[in-house]
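These are the residues of each chain, in order.
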Amino acid sequence: SDDTWGSTHAGLLGHRPTAYFSAEVGLHESLPIYSGGLGVLAGDHLKSASDLGIPLVAVGLLYDEGYFSQRIDEEGWQQESYSEIDTATLPVQRAKSADGKTIVISVDTRAGKIYAQVWRVDVGRIPLFLLDTDIEENSDEDRHLTARLYGGDQRTRIRQEIMLGVGGVRALEALGIQPNVIHMNEGHSAFAPLEIIRNRMKNDGMSFDNALRATAAMGVFTTHTPVAAGHDRFDTGLVEEHVGPLADELGLSTESLMGLGRVDPQNANESFCMTVLAFKLSRRANAVSNLHGVVSRQMWAGLWPWRSEEEIPIGHITNGVHVPTWLAAQMRVLYDRVLPANWFLQSGQPDVWAGFEEVTPAELWETHLSLKNRLIAYARTLLIAQARRRGGPDSRIAELNNVLDPEFLTIGFARRFAPYKRTDLVMRDADRFEKIINDADRPVQFIFAGKSHPADESGKAILQRVFKISQESRFKNRVVVLEDYDINLGRHLVQGVDVWLNNPRRPHEASGTSGQKVVLNGGLNCSILDGWWAEAFDGENGFAIGNGLIHVDPDVQDQRDADNLHDVLVNQVIPLYYDRDHDDLPQEWIKRMKRAVRTLGWRFNADRMVMDYVSESYIPAAGGLSCEMKAMP
């Protein structure tokens, strides 16, 4: 249909669309060019842009080996492996120019040119263009440049990022696409504006300063990371080797170029930061939740030393999820019955969700239990496959056919294994954890999943500890760890758990979106008041761990949060789940389920998010306005 929200509200973008750059894009498990939340968020952004009819194109990289496959050995240590993707089996095709020719672009470095071919994926109305360096024009080293997502050393990373940014702009140019807006999803693509500046200087005779000013006015930057280690930094040698030829055309010395990536341009000891570059080359910047906006303004205040913290020009647009992707088919039947016709075309509007209160408690609970049973059956299949790979005895494999019980309160925890996410917080006191797990009248079971970055030894150690605990006799069959977390496993988990647990060390969770997917399917969140949950929890639509206060000593904070988590489980979550009426329905629990869907479904979905980007960022940037995006309260 041509009659979309975008046709009414985003007409300004029609002839020159927004170009959305992201190093990873999670559309479906069959196209493994994502690692986690950032990529899945990008995929949901594109899907909602398609649903809404937003004029937008996207740029990424086609990783021949994707992100790693995970296996957990007998001792609980993560083992990584890679396998080459067969593009013939993927929904991709070679991008063609207007005259029907296959597109190959190149990027200059001091060591020579790097070439890339361009692939196209159609995400509904949205074309996603992926650059791939595995072509015969390149050396063996460069053919493997786009092999792995987040693989290799710093040199590989900067080469991937110059291909994404500079190469991505050149690919759009070869396709005849002239964007009005450049949206950088995280700092990986921050070289893109430099290439646009070069084009303005070459084609329009502009000076560097004027071209920078004009290009920054069309720049939108989304920062996702409140953790310092999450921001890419490069030394002078790497920057000169890979960006030097572009700097020559821009008329910049090495020091001037380095200054663009430094908080203090004059500090020769400061490395080049891609996030700093992105901030300097855009006039609209946003964090991904209200609290993350506060943290980001504190974190990057040095870029605007003449401003008070409240005036730092970093706003926030809270993340959301693509409803049709994450809503289970069984739950969709309920939605279709009680919500207005074509509700999914208006899911970002609060009134559309009011009818969910009409769902009867029995049908909602029955639907939830069917999804929970499906999750448990799937988990058993995975656990049996894992045990066979490890050479487990036949007796244990037979026992796994009965692991997890559909009648028990089931809590899910699935995300990247990183120290600040504190996967093992609930088992900090193993004896206290055992009492929760093995309560004869009100038993609880946990499902864990997630990968640790190959270079994160601390994260791997946490994964190993959780696995070891799951193998202890007192926790067997009540605590399980599932391998190789991906979109498919994530889909089963968010659709089937009773409770989604999230306990990061506040305020290190920028937003988080997995809990938003759980909401859509009737699950309840039990979370630290961080990221999206800090602005979502109202006292009756889930559960909060602690009160949001932070102790200056992380160890004290961890113990405090562990105590609060134990208290909320024992005194709120477990009693409410097992409080049943004569029909064996947990009526008060179901009330929270309905309230969560009704109050959170419209706010934390990607349609609302993309509409906010259009009105607050894309249209002002496309209109050439030079005003900076004000920090939102």
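Criteria and cut-off values
- Within each chain, residues carry numbers counting from 1 in the order of the written sequence.
- Per-residue local features of the predicted model are confined to residues with pLDDT of at least 70, and side-chain atom pairs are confined, for both listing and counting, to 80 or more; whole-chain, interface and lining totals are unaffected and use all residues.
- Side-chain descriptors were evaluated using all non-hydrogen atoms of the structure, hydrogens and water having been removed beforehand.
- Pairs of strands are assigned from DSSP output, requiring at least two bridges between the strands.
- Only DSSP runs of H or I covering at least 4 residues are called helices, and only runs of E covering at least 2 are called strands; the numbering of each starts at the N terminus.
- Helix axes are fitted to C-alpha atoms over the stretch in contact, other axes to C-alpha atoms as well, and angles between N-to-C directions run from 0 to 180 degrees.
- It only takes one pair of heavy atoms within 4.5 Å for two residues to be counted as in contact.
- Between 65 and 115 degrees an angle is taken as roughly perpendicular, under 35 as roughly parallel, over 145 as roughly antiparallel, and anywhere else as oblique.
- Only Asp, Glu, Lys and Arg are considered charged in this grouping, and only Ala, Val, Leu, Ile, Met, Phe, Trp, Tyr, Cys and Pro are considered nonpolar; every other residue, Gly among them, is considered polar.
- For a helix, the expected span equals 1.5 Å multiplied by the residue count minus one.
- For every residue, the accessible area obtained with a 1.4 Å probe (protein chains only) is divided by the maximum for its type, and the residue is called buried under 20%, exposed over 50%, and partly exposed between those limits.
- For this analysis, a polar contact is any N or O atom pair within 3.5 Å, provided that within protein one partner can donate a hydrogen and the other can accept it, and provided that sequence-adjacent residues contribute only side-chain to side-chain pairs.
- Aromatic rings from Phe, Tyr and Trp, with only the six-membered ring used for Trp, were paired whenever their centres fell within 6.5 Å, and each pair was classed as stacked if the ring planes differed by under 30 degrees, edge-to-face if by over 60, and tilted otherwise.
- Working rule: Lys NZ or Arg CZ, within 6 Å of ring centre, within 35 degrees of ring normal, means a charge sits over the ring.
- One side-chain nitrogen of Lys or Arg within 4 Å of one carboxyl oxygen of Asp or Glu is enough to make a salt bridge.
- Here, nonpolar core means buried Ala, Val, Leu, Ile, Met, Phe, Trp, Tyr and Cys residues that are tied together by side-chain atoms lying within 4.5 Å of each other.
- pLDDT: the predictor's confidence for each residue, scored from 0 to 100.

1. Digging into the sheet that holds strand β16 (residues 444–449)
Right, so step 1: Strand order in the open sheet made by the six strands is β17-β16-β15-β18-β19-β20, with parallel pairing throughout. Pairing within the sheet leaves two strands with one partner each, and these edge strands are β17 (479–482) and β20 (543–545). Put simply, the sheet's adjacent strands are angled 20 degrees from each other on average, direction ignored.
Right, so step 2: Those strands touched by helix α13 (residues 361–389) are β15 (409–414), β16 and β17, and its axis lies near 70 degrees from that of β17.

2. Observations concerning the packing of α13 against helix α21 (residues 587–600)
Right, so step 1: At a minimum axis separation of 10 Å, α13 and α21 run at an interaxial angle of 80 degrees. Judged by the angle between their axes, α13 and α21 are roughly perpendicular. Note on element contacts: α21 touches α13 through Gln587, Trp589, Ile590, Met593 and Lys594, opposite Pro361, Leu364, Trp365 and His368.
Right, so step 2: In the contact of α13 with α21, the residues fall into six nonpolar, two polar and one charged.

3. Brief notes about helix α16 (residues 457–471)
Right, so step 1: Here α16 is 15 residues long and its end C-alpha atoms lie 21 Å apart, about the 21 Å a rise of 1.5 Å per residue gives.
Right, so step 2: Taken residue by residue, α16 has Gly459, Lys460, Ile462, Leu463, Gln464, Val466, Phe467, Ile469 and Ser470 as its buried positions.
Right, so step 3: The inward-facing, buried residues of α16 abut β3 (69–72), β4 (78–81), α15 (430–437), β16 and β17.
Right, so step 4: A side-chain oxygen of the first residue of α16 lies 3.3 Å from the backbone nitrogen of Ser458; this N-cap is Asp456.

4. What about the packing of aromatic side chains?
Right, so step 1: Counting across every chain of the model gives 22 aromatic pairs.
Right, so step 2: Centroid distance Tyr67 to Phe68: 4.7 Å. Interplanar angle 50 degrees. Geometry classified as tilted. Per residue, the accessibility class of Tyr67 equals that of Phe68, and both read buried.
Right, so step 3: Considering the side-chain rings of Phe191 and Phe272, the 6.2 Å spacing of their centres and the 20 degrees angle between planes classify their relative orientation as stacked. Here the residue Phe191 occupies a position in the loop between β9 (181–185) and α5 (192–204), and Phe272 occupies one in strand β12 (residues 272–273), the gap between them amounting to 81 residues. Of the two residues, Phe191 and Phe272, both sit in the buried class.
Right, so step 4: One aromatic cluster is present, built from ring pairs that chain together Tyr335, Trp343, Phe344, Trp353 and Phe356.
Right, so step 5: Sitting above the plane of the Phe413 ring, Arg415 keeps its charged end 4.6 Å from the centroid.

5. Here's the deal with the pattern of salt bridges
Right, so step 1: Overall, the coordinates contain 42 salt bridges when judged by the stated rule.
Right, so step 2: For Lys460, the salt bridge goes to Glu80, with nearest N and O atoms at 3.1 Å. With a gap of 380 residues between them, Lys460 in helix α16 and Glu80 in strand β4 connect regions that are remote in the sequence.
Right, so step 3: A salt bridge links Glu249 to Arg198, with the shortest nitrogen-to-oxygen separation between them at 3.2 Å. Taken together, the positions of Glu249 in helix α7 (residues 236–250) and Arg198 in helix α5 put the pair 51 residues apart, joining distant regions of the chain.
Right, so step 4: Using a relative accessible area of 44% as the deciding quantity, one classes Glu249 as partly exposed.
Right, so step 5: Through salt bridges with shared partners, a single network forms among Arg71, Arg389, Arg390 and Glu483.

6. A closer look at unusual backbone geometry
Right, so step 1: The linkage connecting Arg506 with the following residue, Pro507, adopts the cis geometry, with an omega of 5 degrees.
Right, so step 2: With respect to the helices and strands, the residue Pro507 is situated in the loop between β18 (499–502) and α18 (514–520).
Right, so step 3: Non-glycine residue Tyr150 carries a positive phi angle of around 55 degrees.
Right, so step 4: Among the structural elements, Tyr150 can be located in the loop between α3 (140–143) and α4 (154–174).
Right, so step 5: Not every positive phi belongs to a glycine, and Asp484 is a case in point at roughly 55 degrees.

7. Points about the side chain of Arg262
Right, so step 1: As for its placement among the helices and strands, Arg262 is situated in the loop between α8 (254–260) and β12.
Right, so step 2: In this structure the side chain of Arg262 is engaged in a polar contact, spanning 3.5 Å, whose partner is the backbone oxygen of Pro265.
Right, so step 3: Among the polar contacts made by the side chain of Arg262, one reaches the main-chain carbonyl oxygen of Ala268 at a distance of 3.4 Å.
Right, so step 4: In this structure, Arg262 is in contact with Thr236, Glu255, Asn267, Ala268, Glu270, Ser271, Val276, Lys280 and Leu303, ignoring residues within four places of it in sequence.

8. Details of the nonpolar core
Right, so step 1: By size, the foremost hydrophobic cluster in this structure holds 108 residues, and its most contacted members are Phe191 and Leu194.
Right, so step 2: For Phe191, the residues in contact, after removing those within four places along its chain, are Ile158, Glu161, Ile162, Gly165, Val166, Val243, Phe272, Met274 and Leu277.
Right, so step 3: Membership of the second largest hydrophobic core comes to 94 residues, among which are Leu339, Ile411, Ile469 and Leu501.

9. As for the pairing of β9
Side-chain direction in a regular strand flips from residue to residue, so the side chains alternate between the two faces of the sheet.
Right, so step 1: When you tally the buried positions in β9, you get five out of five residues, the bulk of the element.
Right, so step 2: Neither face of β9 is left uncovered, since the one carrying Val181, His183 and Asn185 and the one carrying Ile182 and Met184 both have all their residues buried.
Right, so step 3: Alignment of β9 against strand β10 (residues 219–222), held across four bridges, turns out to be parallel. Pairing of Ile182 across the sheet is with Gly219, part of β10.

10. Description of the side chain of Gln464
Right, so step 1: Relative to the assigned elements, Gln464 resides in helix α16.
Right, so step 2: The contacts of Gln464, once residues within four sequence positions are left out, are Glu75, Gly76 and Trp77.

11. A word on the confidence of the model for the chain
Right, so step 1: Here the chain averages 94 in pLDDT, and 98% of its residues register 70 or above.
Right, so step 2: Counting contacts from residues 625–633, a segment whose pLDDT is below 50, to residues more than four positions away or on other chains yields 30 contacts.

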